[in-house]
Amino acid sequence: MIGNVEKRCIDLGHYIVETKATVRQAAAVFGISKSTVHNDVTKRLSIINPLLCSEVKEVLDENKAQRHIRGGLATKEKYSKIKEEYMKEKN
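Bear in mind that the values here come from a model prediction, so they are computed numbers and not experimental data.

Caption draft 1: Main features of the environment of Ser33. Tracing the chain through its elements places Ser33 in the loop between helix H2 (23-30) and helix H3 (34-48). Linking Ser33 and Val23, residues ten residues apart in sequence, is a C-alpha distance of 9.1 Å. In terms of polar contacts, Ser33 uses its side chain to reach the side chain of Ser35, at 3.1 Å.

Caption draft 2: View of the packing of H3 against helix H4 (residues 50-90). Their axes nearest at 6 Å, the elements H3 and H4 cross at an angle of 150°. The angle between H3 and H4 places the two elements in the roughly antiparallel class. In this structure, H3 uses Val41, Thr42, Leu45, Ser46, Ile47 and Ile48 to contact H4, whose residues at the interface are Pro50, Leu52, Cys53, Val56 and Leu60. Residues of the contact of H3 with H4, tallied by class, amount to nine nonpolar, two polar and no charged.

Caption draft 3: Focus on H4. Helix length check: H4, at 41 residues, gives a terminal C-alpha distance of 58 Å against a target of 60 Å (1.5 Å per residue), a fit within 8%. Of all the bends in H4, the greatest, near 45°, is centred on Gln66. Taken as a whole, H4 has its buried residues at Leu52, Cys53, Val56, Val59, Leu60 and Asn63.

Cut-offs and rules
- Residues numbered from 1 in each chain as written.
- Predicted model: local features only at pLDDT ≥ 70, side-chain atom pairs only at ≥ 80, totals over all residues.
- Heavy atoms only, no water.
- Helix = DSSP H or I, 4+ residues; strand = E, 2+ residues; numbered from the N terminus.
- Polar contact = N/O pair within 3.5 Å; in protein donor to acceptor, adjacent residues only side chain to side chain.
- Axes fitted to C-alpha atoms, helices over the stretch in contact; angles between N-to-C directions.
- Parallel < 35°, antiparallel > 145°, perpendicular 65-115°, else oblique.
- Contact = heavy atoms within 4.5 Å.
- Nonpolar A, V, L, I, M, F, W, Y, C, P; charged D, E, K, R; others polar.
- Expected span 1.5 Å × (residues − 1).
- Bend = angle between axes of the 7 residues up to and from the residue.
- Buried < 20%, exposed > 50% of the residue type's maximum accessible area, 1.4 Å probe, protein only.

Right, dumping it as structure tokens:
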């Protein structure tokens, strides 16, 4: 079991660095929870492969800095669709 966890941590780390994926995106691809991904790439990976862990941390920090922008864009898109539907019904 430990070998599987270590391999998963390394695979997650490589995936996040190569694709600049968020924790949520990585969790969806690997079929595990966001908390498991976060624990794997922050706590476990720092013990297994500190260099990869630092690369992952850079990507996650960048994603965290952009989080408010992505949220704003998602909200804008949501209300644009609602407005379009309203305008179609009105006409």
